[in-house]
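# A structural walkthrough
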There are 2 protein chains.
Amino acid sequence: MKIQALVDQIHLKKSFLCIGLDVDLNRIPRHLLEAEDPIFAFNRAIIDATHHLAVAYKPNTAFYEAFGVKGWQSLKKTIDYLNEKHPEIFTIADAKRGDIGNTSSMYAKAFFEDMAFDAVTVAPYMGKDSVEPFLAFEDKHAILLALTSNGGAFDFQTKLVEGSELYKQVLQTSKGWANSENLMYVVGATKAEFLVEVRGIIPESFLLVPGVGAQGGSLEEVVKYGMNDQVGLLVNSSRGIIYASANEDFAEAAAAKAQEIRSKMKGFL
Amino acid sequence: MKIQALVDQIHLKKSFLCIGLDVDLNRIPRHLLEAEDPIFAFNRAIIDATHHLAVAYKPNTAFYEAFGVKGWQSLKKTIDYLNEKHPEIFTIADAKRGDIGNTSSMYAKAFFEDMAFDAVTVAPYMGKDSVEPFLAFEDKHAILLALTSNGGAFDFQTKLVEGSELYKQVLQTSKGWANSENLMYVVGATKAEFLVEVRGIIPESFLLVPGVGAQGGSLEEVVKYGMNDQVGLLVNSSRGIIYASANEDFAEAAAAKAQEIRSKMKGFL
């Protein structure tokens, strides 16, 4: 998907919400366990109930891989369903991949060709040749981990490297990589004040912002410090939306939660 | 697998060779493409021909994911075959995973439970809570990326962080994590002289060393600078062994290449 198409969708839907499809079989409504593919049945119901409120969906691959071949099938069905029913939706494989060049090319093939996602999250530790293969696809995007929303972010990401924090080095260095216009960045909402400095380095890039909701980040602060003239934000909520209810009304409850966030977003657009 | 069992196998086989099962359908012998599952057929033949020469096998997940659900099935069949036929072999999922705590737990479940690997490679960028879930399994191991064998390793890993290189910070910091006795580390052979300093920080840990062979690293130097009194090394070769021939004799050719490396290793043990 082209960036402009994503921006258009944001204005059309008055939303920059991304819904995280992190499906845990222990947390979904019991009646779904009788379905042939409970994970896909859950995702389909969530997507059907919320697609008019969100511009992006983000399955985290860990939750599918935990169920082996069956889980991988559920992931494939989910992305196929999104692409067939809602081609206007921006789709993100939250996979946090990254390996030496020829190997990253195989991951890019996995998530951009075998499964036609628009974007994949990528880890920066292995540097340039581990990320560039993801940037070589037209209208596809690598979302590079910069500053994550977890406690461990302070172990290395905020350490000073030659005078500035590692995550800033990642932002700065990655600007020089081939096809860097296909880069977006993960910046956690739990550290919203950091967004000022992030925007100083990458004013135009889209940011995928996790950590609003369950992890405690504030939407107001993210908008205040992170929004640019193309909006430039995808704010993700996973558990806060998809597990709003564990009963038969789970999809309606998820829609109500998504609507609540969308209403706030509308006010900022 | 317990570390002692791995050390015993190394002495029994006079080998610390790990064979990388990075199967590219474009590079395997043409006649295998007629098999029901060409990737598994290839792996099984390689394993049958080389298992007495190697102590570990390491499929890189990218090469399986590129083929979607079918590829994931081939990976599952490969690990099941290894565990059934050769339970003495140390198995590594080269997956380079890492995510926030509850998500890393799902990856650990994927590679230690659904697929019963002994170890999985893990990326350090997200810090402590992204790695500790992998360390919570008895007799399972997380192999943390420290210094990789690719060009991009110099983008961040060797940058100075508070006076010492980032990869040394990763080594030092990770020693303080819960169950750190279950940690091993990736240190590339293309930078063998770095092993002196690595051993200064983690004298006892096992190192997984890629980059010997196709990537130009020297076995002699790796042994000289990296071996400890428990051997402490798993030296990986992928393409140099598995693609030794593209003809019907591919398995014999792979065994000959593995034997060549094993002969050298024998001299060092």
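Structure first, text after, so check above.
## Some remarks on the overall build of chain A
The number of helices and strands found in chain A is twelve helices and ten strands. Principal-axis analysis of the C-alpha atoms gives chain A an extent of 55 × 45 × 35 Å. For chain A, the proportion of its 269 residues judged to be buried stands at 57%. When contacts within chain A are restricted to residue pairs at least 6 apart in sequence, those whose partners lie at least 24 apart make up 71%.

## Some remarks on the sheet that holds strand β3 (residues 90-97) of chain B
Residues and elements named next belong to chain B. Pairing within the closed barrel is parallel, and its eight strands lie in the order β1-β2-β3-β4-β5-β8-β9-β10. Taken pair by pair, the neighbouring strands of this sheet meet at an average axis angle of 30°, ignoring direction. In this structure, β3 lies alongside strand β4 (residues 119-122), joined through three bridges in parallel fashion. Bridge pairing links A93 to V120 in β4. Where helix α4 (residues 68-85) meets the sheet, it contacts β1 (17-21), β2 (56-59) and β3, and its direction lies at approximately 170° from that of β2.

## A few points about the relation of the copies chain A and chain B
Once turned by 180° and shifted 0.0 Å along the axis, chain A lies on chain B with an RMSD of 0.0 Å. Taken together, the rotation angle and the small translation identify this as a two-fold axis. For chain A, the minimum C-alpha distance to the rotation axis belongs to V161 of chain A and amounts to 2.3 Å. Interface residue correspondence from chain A to chain B reaches 100%, placing this contact among same-surface, isologous pairings.

## A short note on α4 of chain B
Given a rise of 1.5 Å per residue, 18 residues ought to cover 26 Å, and the 26 Å separating the end C-alpha atoms of α4 of chain B matches this to within 8%. Those residues of α4 of chain B that sit buried are G71, W72, S74, L75, T78, I79 and L82 of chain B. Along α4 of chain B, the residues classed as buried sweep out an arc of 155° about the axis, all on the same side. Elements in contact with the buried residues of α4 of chain B: α4 (68-85) of chain A together with β1, α2 (38-50), β2, α3 (62-65) and β3 of chain B.

## Quick look at unusual backbone geometry
The backbone phi angle of K96 of chain A is positive, close to 50°, even though this residue is not glycine. Mapping K96 of chain A onto the fold places it in strand β3 (residues 90-97). According to the C-beta neighbour criterion, K96 of chain A is buried, with 28 such atoms within 10 Å. You will see that E162 of chain B, though not glycine, has its phi angle at about 45°, which is positive. You can see E162 of chain B is positioned in the loop between β6 (160-161) and β7 (164-165).

## What about the pairing of strand β5 (residues 141-147) of chain A?
Each regular strand shows side chains that alternate between the opposite faces of the sheet. Residue and element names in this part refer to chain A. Among the seven residues in β5, seven count as buried, and that is most of the element. Of the pairings in the sheet, the one linking strand β4 (residues 119-122) to β5 comprises four bridges and is parallel in character. Across the sheet, V120 pairs through a bridge with A142, a residue of β5. Between the parallel elements β4 and β5, the chain passes through helix α6 (residues 128-135) in a crossover that is right-handed. Pairing of β5 with strand β8 (residues 183-187), which is carried by five bridges, proceeds in the parallel orientation. Across the sheet, L144 pairs through a bridge with Y185, a residue of β8.

## As for the interface of chain A and chain B
Across the contact, 51 residues belong to chain A and 51 residues belong to chain B. For the side of chain A that touches chain B, a count of residues per class yields 23 nonpolar, 16 polar and twelve charged.

## So, the environment of L183 of chain B
Residues and elements named next belong to chain B. Tracing the sequence through the fold places L183 in strand β8 (residues 183-187). Here L183 falls in the buried class, since 21 other C-beta atoms lie within 10 Å of it. Ignoring anything within four residues of it in the chain, the contact list for L183 reads L135, A142, L144, S174 and S205.

## Considerations on the sheet that holds β5 of chain A
Residues and elements named next belong to chain A. An order of β1-β2-β3-β4-β5-β8-β9-β10 is seen for the eight strands of this closed barrel, with the pairing classed as parallel. Put simply, the sheet's adjacent strands are angled 30° from each other on average, direction ignored. Across four bridges, strand β1 (residues 17-21) lies against strand β2 (residues 56-59) in parallel orientation. Its bridge partner being in β2, I19 is matched across the sheet by Y57. Across the sheet, helix α8 (residues 166-174) touches β5 and β8, and the angle it forms with β5 is around 150°. Of the strands in this sheet, β1 and β10 (233-237) touch helix α12 (residues 250-268), which is tilted by about 155° from β1.

## Some words on the pairing of β10 of chain A
Residues and elements named next belong to chain A. With respect to burial, β10 is a largely interior element, five of its five residues being buried. Every second residue of β10 is oriented toward a common face, with L233, V235 and S237 on one face and L234 and N236 on the other, all of them buried. Judged from the three bridges that link them, strand β9 (residues 207-209) and β10 form a sheet pairing that is parallel. Residue pairing across strands places V209 opposite V235, the latter belonging to β10.

Conventions used here
- Residues numbered from 1 in each chain as written.
- Chains lettered and ligands numbered in written order.
- Predicted model: local features only at pLDDT ≥ 70, side-chain atom pairs only at ≥ 80, totals over all residues.
- Helix = DSSP H or I, 4+ residues; strand = E, 2+ residues; numbered from the N terminus.
- Buried ≥ 20, exposed ≤ 12 C-beta atoms within 10 Å, placed from the backbone.
- Contact = placed C-beta atoms within 7 Å.
- Pairing = 2+ DSSP bridges.
- Axes fitted to C-alpha atoms, helices over the stretch in contact; angles between N-to-C directions.
- Least-squares fit on C-alpha atoms with pLDDT ≥ 70 in both.
- Expected span 1.5 Å × (residues − 1).
- Arc of directions from axis to C-beta.
- Right-handed = clockwise from strand over helix to strand, strands pointing away.
- Nonpolar A, V, L, I, M, F, W, Y, C, P; charged D, E, K, R; others polar.

Honestly, that's just the spatial picture; any functional story needs more than this.
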